[in-house]
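Structure assessment
These are the residues of each chain, in order.
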Amino acid sequence: MSVNMEELEVFCKQLPKIELHAHLSGSITRECLHEIYKKRKEAEPSIELEDPMIVIPPGKVDYDLETFFPLFSKYIYQLCNDVQSVRYSTKRVLQDFEADGVAYLELRTTPREFKETGMSKEQYVETVLESIEQYEKDASTSMKTVLLLSVDRRDSFQKALECIDLAIRYKYRGVVGVDLCGDPMKGDVTIFREVFSKAQENGLGVTLHFAEAAKTSNDEELLVLLSFKPDRIGHVIHVSDAIRAKISRRKLALELCISCNVHAKMITGSFQDHHFRDWWVEKQCPLILCTDDVGVFCSPLSNEYTIVAQHFGLTRLQLWELSFQTISPIFSGEEEKIRLRNLMLSWREGNKL
Ligand code: IMP
Ligand code: ZN
């Protein structure tokens, strides 16, 4: 590795960054899953669960849309299914983001219930919120974390409404928005119109996974999603010229997950072929670099900044500007935006950029 590359990595790690698209369960490292596994195995030796180091081998990042989603439904959700494991994994995820130089984190998660342990969706959300509150009580932490609740594309209207109602109920404890995620090959998005407008009416931010899989990214579906009036959209891979023009006109904030898209083969080619380039050149929409699932794809946010410097030639000042312009699209209010602007301006001054 050349000295310049090492210096770039240090710069990207130290740069105060904003993470706006990170799924909680997808952000848990294999090491953390392994610790949870060991503890559970000690407590219940008869438990029929494989070691995460075997199920998700270290170094493996080539999960595609077919192998990625079962990782959660068939394994991670069975492993992390009680208060202790949710609490522990949330704390570890927060530590990892902060150690990578993240100053503000919008973590998202799908409320789920665990029949085996009797944990309800409400208890799940409370446990995650408590873990965040506990983490922020520690005087040595300065990262601000808020929560988004995700509707899964496979949800029924009723289930989706339940999720939005939970988000509204927990606004006072740091839920600031809602998301639509899940397997892009599944579900009928038209049924969610009402639930997302309820979220908006109640002052929540709305972000949607958008045009992830070629098969379901037809204009018909994408127009429905745009009609929900999202504040931000994620991935934005398979868009026609007509959809692209609409996104540009609206200047929608785009959550781009470069490593995830490359490793999961959601785009054709590699890093240098990512659509970050087109949107960067076009300069119409705020671009937000995001990890999506750092536990699976093993690329922390600092590495996403390194990637755009390496493959698209961004200078250090441009990297700083890229991070700075992600302040406006956050879902927290003006007070937090001011804190982040001050933090970033003084960092820029201190680093003589
Ligand atoms: P959780 O919501 O905290 O349980 O995080 C894992 C969940 O996030 C997965 O089960 C998926 O539903 C969702 N997810 C993670 N990454 C993606 C993605 O790239 N596209 C769509 N959904 C995703
Ligand atoms: Zn995602």
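Right above here is the structure, for reference.
This one's a predicted model, so the numbers in the text were calculated from it and none came from an experiment.

**Re the site of ligand 1**
In the region of ligand 1, 19 residues are neighbours, and Y77, T109, T110, E212 and D293 sit closest. Taking S25, its side chain carries an N or O atom lying 2.9 Å from an oxygen atom of ligand 1. Within the side chain of Y77, a nitrogen or oxygen atom sits 2.5 Å from an oxygen atom of ligand 1. Isolated, ligand 1 exposes 490 Å² of accessible area, and the fraction of that covered by the protein chains is 98%. Elements supplying a minimum of two residues to the shell around ligand 1: α4 (65–79) and β2 (102–109).

**Overview of the pattern of salt bridges**
Using the criterion set out here, one finds 19 salt bridges in the structure. Close ionic contact of E162 with K121 constitutes a salt bridge, the shortest N to O distance being 3.7 Å. Here E162, found in helix α7 (residues 157–169), pairs with K121, found in helix α6 (residues 121–137); they are 41 residues apart in sequence, far enough to count as distant. We classify E162 as partly exposed; its relative accessible area is 40%. With relative accessibility at 14%, the residue K121 sits in the buried group. When the shortest N-O distance is used, the salt bridge between K198 and D165 registers 2.7 Å. Highlighted residues: K198 in helix α8 (residues 193–201) and D165 in helix α7, separated in sequence by 33 residues. Overlapping salt bridges, with partners in common, bring together E106, R108, D179, R232 and E255 in one network.

**Let's talk about the coordination of the zinc ion (ligand 2)**
Looking at the zinc ion (ligand 2), the protein donor atoms are H21 (NE2), H23 (NE2), H209 (NE2) and D292 (OD), and they sit 2.1 to 2.2 Å from it. For the zinc ion (ligand 2), the 4 donor atoms in the first shell make angles of 84 to 172° at the metal, a pattern classed as irregular. Counting the intervening residues between successive donors of the zinc ion (ligand 2) yields the motif H-x1-H-x185-H-x82-D. Of this pair, H21 sits in strand β1 (residues 17–23) while H209 sits in strand β5 (residues 205–210); the two residues are 188 residues apart in sequence, bridging distant segments of the chain.

**Structural notes on the packing of helix α14 (residues 301–312) against helix α15 (residues 316–324)**
It is the contact of α14 with α15, at a shortest axis distance of 10 Å, that shows an interaxial angle of 135°. When the axis of α14 is compared with that of α15, the two are oblique. Crossing handedness for the pair α14 and α15: right-handed. Residue-level inspection shows Y305, V308 and A309 of α14 in contact with α15, the latter providing L319, L322 and S323. Grouping the constituent residues of the contact of α14 with α15 by class yields 5 nonpolar, 1 polar and no charged.

**Some thoughts on the nonpolar core**
Within the largest apolar cluster, 120 residues are counted, with the highest numbers of intra-cluster contacts made by F196, F210, I247, L254, F276 and L319. Here this core gets 7 residues from one element, more than from any other, and that element is α4.

**Focus on the pairing of β5**
Burial analysis of β5 places 6 of its 6 residues in the buried class, which makes it a mostly covered element. By the bridge criterion, 4 bridges tie strand β4 (residues 175–181) to β5 in an arrangement that is parallel. Bridge pairing in β5 links G177 to G205. Handedness of the crossover joining β4 and β5 through α8 is recorded here as right-handed. By the bridge criterion, 4 bridges tie β5 to strand β6 (residues 232–235) in an arrangement that is parallel. Each bridged residue has a counterpart across the sheet, and for L208 the counterpart in β6 is I233.

Thresholds applied
- Residues numbered from 1 in each chain as written.
- Chains lettered and ligands numbered in written order.
- Predicted model: local features only at pLDDT ≥ 70, side-chain atom pairs only at ≥ 80, totals over all residues.
- Heavy atoms only, no water.
- Near = heavy atom within 4 Å.
- Polar contact = N/O pair within 3.5 Å; in protein donor to acceptor, adjacent residues only side chain to side chain.
- Areas by Shrake-Rupley, 256 points an atom, 1.4 Å probe, with all protein chains shown as cover.
- Helix = DSSP H or I, 4+ residues; strand = E, 2+ residues; numbered from the N terminus.
- Salt bridge = Lys/Arg side-chain N within 4 Å of Asp/Glu carboxyl O.
- Buried < 20%, exposed > 50% of the residue type's maximum accessible area, 1.4 Å probe, protein only.
- Donors = N, O, S within 2.8 Å, 3.2 Å for Na, K, Ca; no water.
- Tetrahedral: all angles 85-135°; square planar, octahedral: opposite > 155°, others 65-115°.
- Axes fitted to C-alpha atoms, helices over the stretch in contact; angles between N-to-C directions.
- Parallel < 35°, antiparallel > 145°, perpendicular 65-115°, else oblique.
- Left-handed = near helix turned anticlockwise from the far one by under 90°.
- Contact = heavy atoms within 4.5 Å.
- Nonpolar A, V, L, I, M, F, W, Y, C, P; charged D, E, K, R; others polar.
- Core = buried A, V, L, I, M, F, W, Y, C linked by side-chain atoms within 4.5 Å.
- Pairing = 2+ DSSP bridges.
- Right-handed = clockwise from strand over helix to strand, strands pointing away.

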